[in-house]
Every structure is written in C-alpha cells, then in structure tokens.
Amino acid sequence: MKHETGYDVIVCGGGTSGVAAAIASARTGAKTLLIERLGTLGGQMNVSGPPGFSYAWLFNQRGEQIIAGIVEETHKRLLEMGYALPHNHSEYREGSGFTFSYVDPDWWGLLIFNMMDENNVDLLLHAMVVDVLKEGDKVTGVVVETVGGKLELKAKVVIDCTGEGYVAVQAGAPTDMVPKEELQPHTLAFTCDGVDWDELLAYVRAHPEEFVYPNVPGRSAEETCEILRRVEDVWELGEIRGFASILEKVMETKEWHGMSGLGFFLMPKGDPKNRRILAHLQHSSHVPGRSPYDPWDLTYCERETRRQIQIAFKVFKKYMPGFKNAYITRVCPELRIREGRRIVGDYILTRQDVAEAKKFPDVIGKSGFPAGGHHIASTQTIATDSVWPKDRGSHDIPYRCLVPKEVENFLVAGKAIATDRDAYHRFLQQTMVTGQAAGVAAALCVKQNITPRELEKDLSELQKILQEQGAILYGTH
Ligand SMILES: Cc1cc2nc3c(=O)[nH]c(=O)nc-3n(C[C@H](O)[C@H](O)[C@H](O)COP(=O)(O)OP(=O)(O)OC[C@H]3O[C@@H](n4cnc5c(N)ncnc54)[C@H](O)[C@@H]3O)c2cc1C
C-alpha cells in the first residue's frame with residue numbers, strides 16, 4: 001500500500017499533548033500526521049498512567065474555570081457516555097484549586113481514536129522518530145524507525161510532543177535540565193480493585209487529623225477535619241494521602257520502603273449506575289537520582305519500582321483499612337518520568353510569573369497549578385516549597401514558551417515547553433492546553449507561509465481560533 005510522505009504538520013508523540021496538537025492542527029485545516037512509537041495513543045494518561053488526578057486543576061482556587069478547549073470537550077463527551085464524573089466541587093475540595101474531573105482512562109483512549117477519525121488526522125503508530133530532516137536551521141521533516149525499516153516524512157512544521165524533548169534535541173534546540181541527582185523521582189503506577197470503600201471511609205471519618213489536606217486559603221485544619229468527619233462519598237475526597245499512624249508503624253517494623261508516604265487516588269470504572277472505583281497508587285514507588293536518557297538507568301528504575309510496588313501492595317493489604325481483599329488490576333507497562341528536559345524557548349516561564357499570576361499579551365492558555373511542588377524520595381512524598389498564583393487566580397501561558405531557540409519550523413508542546421524548574425508545565429491539563437495551541441499555531445503558519453517564530457509578531461488569529469475551539473484565554477483572575 002502506498003502512503004503519503006508529505007504533510008503540512010507532523011506531530012511527534014501521541015501522549016496528551018500530541019493528541020490535542022493533532023486534533024487542533026487538523027481542525028485548523030492542516031494535513032496532519034501524528035507519529036507514535038507505541039501501538040496506542042495517550043502516553044501517561046492511559047498507557048504508563050493514568051495520572052491519579054485526571055483531569056484536575058481545570059478551576060482556580062476561586063472556583064473559576066480556567067481551562068477548557070479539547071480537555072473540556074473530551075470530559076464532556078465521556079460524561080455523556082457515562083465514563084467520567086462531573087467536575088468535583090465537593091465541600092472538601094472547594095477553594096483548593098486542586099479540583100478533580102475524573103475520566104476513565106481506558107475509555108479516554110478509545111474516544112481519542114474516534115477523534116482522530118472524526119478530524120481526519122493521519123496516524124503512524126509503531127514508529128519511533130529517530131532524527132529530523134533539516135535545511136540549515138529549518139526542520140523539513142522527520143526520520144522514523146519502523147518494523148518495515150526507516151522512513152523519511154516531510155512536513156512544513158514539526159511539533160515535538162514526546163514529553164522529553166527528544167525531537168527538539170535531534171533538531172539542535174537548546175534544552176535545560178537539573179543534574180540527574182536532583183531530578184524528581186520516577187515512578188511506576190498500579191491500580192487495585194476489591195477495596196471496601198465503606199471501611200476506608202469510616203477510617204477517614206474517625207481519624208481526619210491523619211490526612212494531608214488540600215490547601216484551602218482561610219480554612220483551618222480543624223474546619224477541614226470537621227468536613228472529613230461527615231464525608232459520605234469517597235469521590236468527595238479525590239486524593240487520600242497521609243495515614244500517619246499506619247505510616248509510623250510500618251516504618252518502625254521496616255515493612256515500608258520509605259521512598260514515599262502512603263496514599264492513593266481514585267479511578268472511575270463502569271457505567272454510572274453500577275460504578276466501580278479503583279484505587280490508583282501512583283506515589284508508591286519512587287526512584288531518585290537516575291537519568292531519563294540513560295537506558296541502563298531506566299532499566300534499573302523498572303526493576304526497582306517493581307520491587308517497591310510489591311512492598312507497597314503487601315503493606316496496603318495488611319494495614320490499610322478496606323484493602324484486605326484488594327487485588328492488582330493493572331501494573332503500568334512502563335516507568336513514568338516525572339522530570340526531564342525543558343527547551344530554552346523565546347520566553348521562559350518562571351516561578352515568579354506563576355506567583356504573580358502574570359498575564360501575557362501572547363496568552364495561549366492558563367494554569368492555576370502552583371509552582372515548585374516537587375516530589376521527593378522520602379515518606380514526605382512531596383516537598384512543600386510551592387507557591388500558588390496570587391489572589392487565588394491563575395497565570396497565562398505565553399506562546400513564546402512553545403518556540404525553541406535556534407531552530408525554525410518547529411514547535412514544542414507538553415512537558416518540555418520552556419519554563420524554569422519550578423514552573424514546570426508537566427500536568428495533564430497543561431500539556432493539552434499547550435498541545436492545542438501548538439496545533440493551531442502550526443496550521444496557521446502553514447496557511448500564512450510563515451515560521452512559528454514569525455507568528456509571534458501577530459497572534460490575534462491564533463488567539464481567535466483557540467477561543468473558537470473552546471480555549472479560555474481571558475476573563476478570569
Ligand atoms: C508519576 C507521575 C504522576 C503524575 N500524576 C499526575 C496527575 O495526577 N495529574 C496530572 O494532571 N498529571 C500528572 N502527571 C503528569 C502527566 O501525567 C504527564 O506529565 C503528561 O501526561 C505528559 O504529557 P506529554 O504529552 O507531554 O507526554 P507523554 O504523555 O509522556 O507522551 C509522550 C508520547 O510520546 C511518545 N514518544 C516518545 N518518544 C517518541 C519518539 N521518539 N517517537 C515517537 N513517539 C515518541 C511516547 O510513547 C508517548 O506516547 C504525572 C506524571 C508522573 C510521572
């Protein structure tokens with residue numbers, strides 16, 4: 001069978017940023033190809049995930065919705081199909097900004113394939129991008145390695161959505177990363193069924209002081225405990241992390257590995273009437289000090305995380321209320337990289353920008369996620385040096401963070417966009433916001449016959465189309 005070898009836009013990597021970029025690019029009229037090294041789409045959402053809180057942070061601490069677009073569209077469709085839960089505004093989470101809008105990740109993965117068909121996105125799966133084609137500093141396509149041999153594919157604009165900036169490096173774009181010894185630890189996630197949620201809830205109600213609370217400005221610890229004492233439905237909680245007395249005990253008996261604390265998230269399964277809830281443990285293995293770009297280090301992590309999750313499951317079954325009859329339903333097939341490279345872009349978003357809830361003329365989306373909340377390999381799980389956007393608001397994400405220096409015809413979306421370490425934009429909702437923007441921008445560049453850097457001069461059309469596609473750019477704190 002003969003296939004196309006020339007495209008307007010090629011998106012490399014079919015994780016959350018990549019699928020959003022491909023859909024947005026095709027909707028803006030570009031002939032678009034999405035290339036993914038695996039046989040499926042979704043990346044950390046549904047392959048090496050899901051994230052414990054998918055989706056989350058679509059609202060700021062004031063309760064204003066700050067993120068919509070393709071994120072909201074997929075949530076709405078899954079809600080209508082019975083495979084998502086409504087945005088969670090429970091009393092416990094309200095005001096935290098750390099709200100949940102749960103989706104069933106497996107149905108999310110199926111829906112995404114439908115959306116590829118609906119939007120006429122061409123797909124090339126089982127294909128690893130191993131190099132770029134270049135003329136001077138202009139990227140003109142990519143080289144992919146497949147079971148059928150090497151392929152060269154041409155494009156007017158290439159978008160790197162590999163999460164780790166692999167293609168950006170191949171293209172010669174400058175990147176930044178902290179030394180591997182300081183990186184946040186890598187994790188392997190797993191899910192459990194068979195949990196007795198009534199027993200678990202009874203424990204939470206009886207020991208509210210044992211839990212790590214969401215940050216709700218103006219609410220005291222005692223007020224939060226009071227809410228926990230009357231919690232009726234496990235969905236009101238979202239994240240359940242702490243279990244201080246159990247942690248103390250298993251540290252004493254040396255039954256716990258000590259690389260993280262105790263806790264888990266929830267995953268919805270099944271139709272709304274007969275819903276099952278899975279416990280999702282994504283903080284129960286932590287491997288620090290290893291490079292995401294060294295296969296020997298990665299192999300070590302794959303082995304070590306599997307050792308740790310067996311320890312974790314044993315402890316959960318023995319001590320965690322409600323987990324006596326729990327069983328594992330999924331061990332994710334591969335490690336999740338929590339921190340890696342970030343490109344050096346035309347603008348580098350900073351911790352200060354997040355703290356000031358800064359607005360930018362080249363806004364392409366927003367985020368209310370705090371800066372600086374790093375995971376650490378200790379029973380604390382997360383270091384607490386984070387700062388929220390001021391006035392419980394949100395900051396803008398500037399388009400220039402998607403445009404790497406020194407390379408033309410090239411954009412980056414997802415985890416690797418240009419930020420300083422603390423403002424790292426690695427969360428699902430952020431990756432889909434930047435993916436959607438990169439997709440529209442790339443298609444516009446093709447239409448206007450300009451480069452992504454030249455587009456910086458006038459972003460009015462990009463911002464108009466993004467809003468037509470449902471993105472929120474203005475009108476919130
Ligand atoms: C342990 C952990 C917990 C997390 N928890 C949460 C959470 O609870 N909530 C939340 O919102 N976020 C969470 N995140 C963050 C979030 O899940 C990811 O950072 C986000 O999904 C990354 O999206 P992405 O599109 O940038 O990259 P990815 O989802 O990693 O997608 C990259 C894709 O590119 C493909 N690829 C890579 N290289 C190539 C190549 N050379 N050629 C072709 N394809 C390639 C990969 O196979 C993959 O499909 C968590 C992350 C980790 C690691």
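Note that the coordinates shown come from a computational prediction; the quantities given were computed from them, not determined experimentally.

Moving on to the overall build of the protein chain. Each helix and strand in the protein chain was counted, giving 12 helices and 16 strands. Relative to the compact-globule value of 23 Å for 477 residues, the protein chain shows a C-alpha radius of gyration of 22 Å, a close match. Each principal axis of the C-alpha atoms in the protein chain carries an extent, and together these give about 65 × 50 × 45 Å. Out of the 477 residues belonging to the protein chain, those deemed buried represent 54%. Sequence separation of 24 or more characterises 75% of the internal contacts of the protein chain that already satisfy a separation of 6 or more.

On to helix 8 (residues 295–319). End to end, helix 8 covers 36 Å across 25 residues, agreeing with the expected 36 Å (1.5 Å per residue, within 8%). Listed as buried for helix 8 are Cys301, Thr305, Gln308, Ile309, Ala312, Phe313, Val315 and Phe316. Buried residues in helix 8 make contact with strand 8 (190–193), helix 7 (244–252), strand 11 (276–281) and strand 12 (327–331).

The next point concerns the pairing of strand 10 (residues 262–269). The buried fraction of strand 10 is high, at 7 of 8 residues. Alignment of strand 9 (residues 240–242) against strand 10, held across 3 bridges, turns out to be antiparallel. If you follow isoleucine 240 over to strand 10, its bridge partner there is phenylalanine 264. The pairing of strand 10 with strand 11 spans 5 bridges and is antiparallel. Across the sheet, the residue bridging to leucine 266 is alanine 279, located in strand 11.

Attention now goes to the environment of glutamate 232. Mapped onto the secondary structure, glutamate 232 falls in the loop between helix 6 (221–229) and strand 9. For glutamate 232, a count of 9 C-beta atoms within 10 Å puts it in the exposed group.

A separate point is the packing of helix 2 (residues 69–81) against helix 10 (residues 428–448). Relative orientation of the contacting elements helix 2 and helix 10 amounts to 120°, with a least axis distance of 7 Å. Compared by their axis directions, helix 2 and helix 10 come out oblique. Seen from helix 2, the contacting residues are Gly69, Ile70 and Val71; seen from helix 10, they are Gln429, Met432, Val433 and Gln436. Tallied by class, residues from the contact of helix 2 with helix 10 come to 4 nonpolar, 3 polar and no charged.

Phi is mostly negative for residues that are not glycine, and the peptide bonds are mostly trans. Of note, lysine 254 is a non-glycine position whose phi angle comes to about 60°, a positive value. Positionally, lysine 254 belongs in the loop between helix 7 and strand 10. One non-glycine residue with positive phi stands out, namely arginine 392, at about 60°.

The domains assigned to the protein chain are domain 1 (6–50 + 105–177 + 340–368 + 392–468) and domain 2 (190–331). Put simply, the middle of domain 1 and the middle of domain 2, counted by C-alpha atoms, are 32 Å apart. Domain 1 puts 5 residues into the contact, and the matching count from domain 2 is 4 residues. Its residues assigned to classes, the side of domain 1 that touches domain 2 shows 2 nonpolar, 1 polar and 2 charged.

Where helix 2 contacts helix 3 (residues 105–118), the axes come no closer than 11 Å and their chain directions differ by 110°. Considering their axes alone, helix 2 and helix 3 lie roughly perpendicular with respect to each other. Read as a crossing pair, helix 2 and helix 3 show a hand that is right-handed. On helix 3, the residues touching Thr74, Arg77, Leu78 and Met81 of helix 2 are Trp107, Trp108 and Leu111. Considered class by class, the residues forming the contact of helix 2 with helix 3 number 5 nonpolar, 1 polar and 1 charged.

A few words on the sheet that holds strand 11. Taken in spatial order, the 5 strands of this open sheet run 9-10-11-8-12, and their pairing is antiparallel. Looking along the sheet, the strands with just one partner apiece sit at the ends: strand 9 and strand 12. If you compare each strand with its neighbour and ignore which way they point, the axes differ by 25° on average. Sheet analysis places strand 8 next to strand 11, joined by 3 bridges and oriented antiparallel. For threonine 191, the partnering residue across the bridge sits in strand 11 and is histidine 280.

Residues Val9, Ile10, Val158, Ile159, Leu411, Ala441 and Ala442 are the most contacted members of the largest nonpolar core, which totals 138 residues. The element best represented in this core is helix 10, accounting for 12 residues. Residue-level mapping places this core at the junction of two domains, with at least three residues from each of domain 1 (6–50 + 105–177 + 340–368 + 392–468) and domain 2 (190–331). With sequence-adjacent residues up to four places away left out, valine 158 is seen in contact with Ile10, Cys12, Val132, Val139, Val142, Val167, Asn409 and Phe410.

The subject of this paragraph is the pairing of strand 8. Summarising the sheet, strand 8 and strand 12 pair through 4 bridges and their orientation is antiparallel. What sits directly across from aspartate 193, in strand 12, is tyrosine 327.

Tracing the backbone through its elements, the reader meets aspartate 106 in helix 3. Once the C-alpha coordinates of aspartate 106 and alanine 20 are considered, the two residues, 86 residues apart in sequence, prove to be 17 Å apart.

Basis of the calculations
- Residues numbered from 1 in each chain as written.
- Predicted model: local features only at pLDDT ≥ 70, side-chain atom pairs only at ≥ 80, totals over all residues.
- Helix = DSSP H or I, 4+ residues; strand = E, 2+ residues; numbered from the N terminus.
- Rg over C-alpha atoms; globule rule 2.2 N^0.38 Å.
- Buried ≥ 20, exposed ≤ 12 C-beta atoms within 10 Å, placed from the backbone.
- Contact = placed C-beta atoms within 7 Å.
- Expected span 1.5 Å × (residues − 1).
- Pairing = 2+ DSSP bridges.
- Axes fitted to C-alpha atoms, helices over the stretch in contact; angles between N-to-C directions.
- Parallel < 35°, antiparallel > 145°, perpendicular 65-115°, else oblique.
- Nonpolar A, V, L, I, M, F, W, Y, C, P; charged D, E, K, R; others polar.
- Domains from an automatic or database assignment.
- Left-handed = near helix turned anticlockwise from the far one by under 90°.
- Core = buried A, V, L, I, M, F, W, Y, C linked by C-beta atoms within 7 Å.

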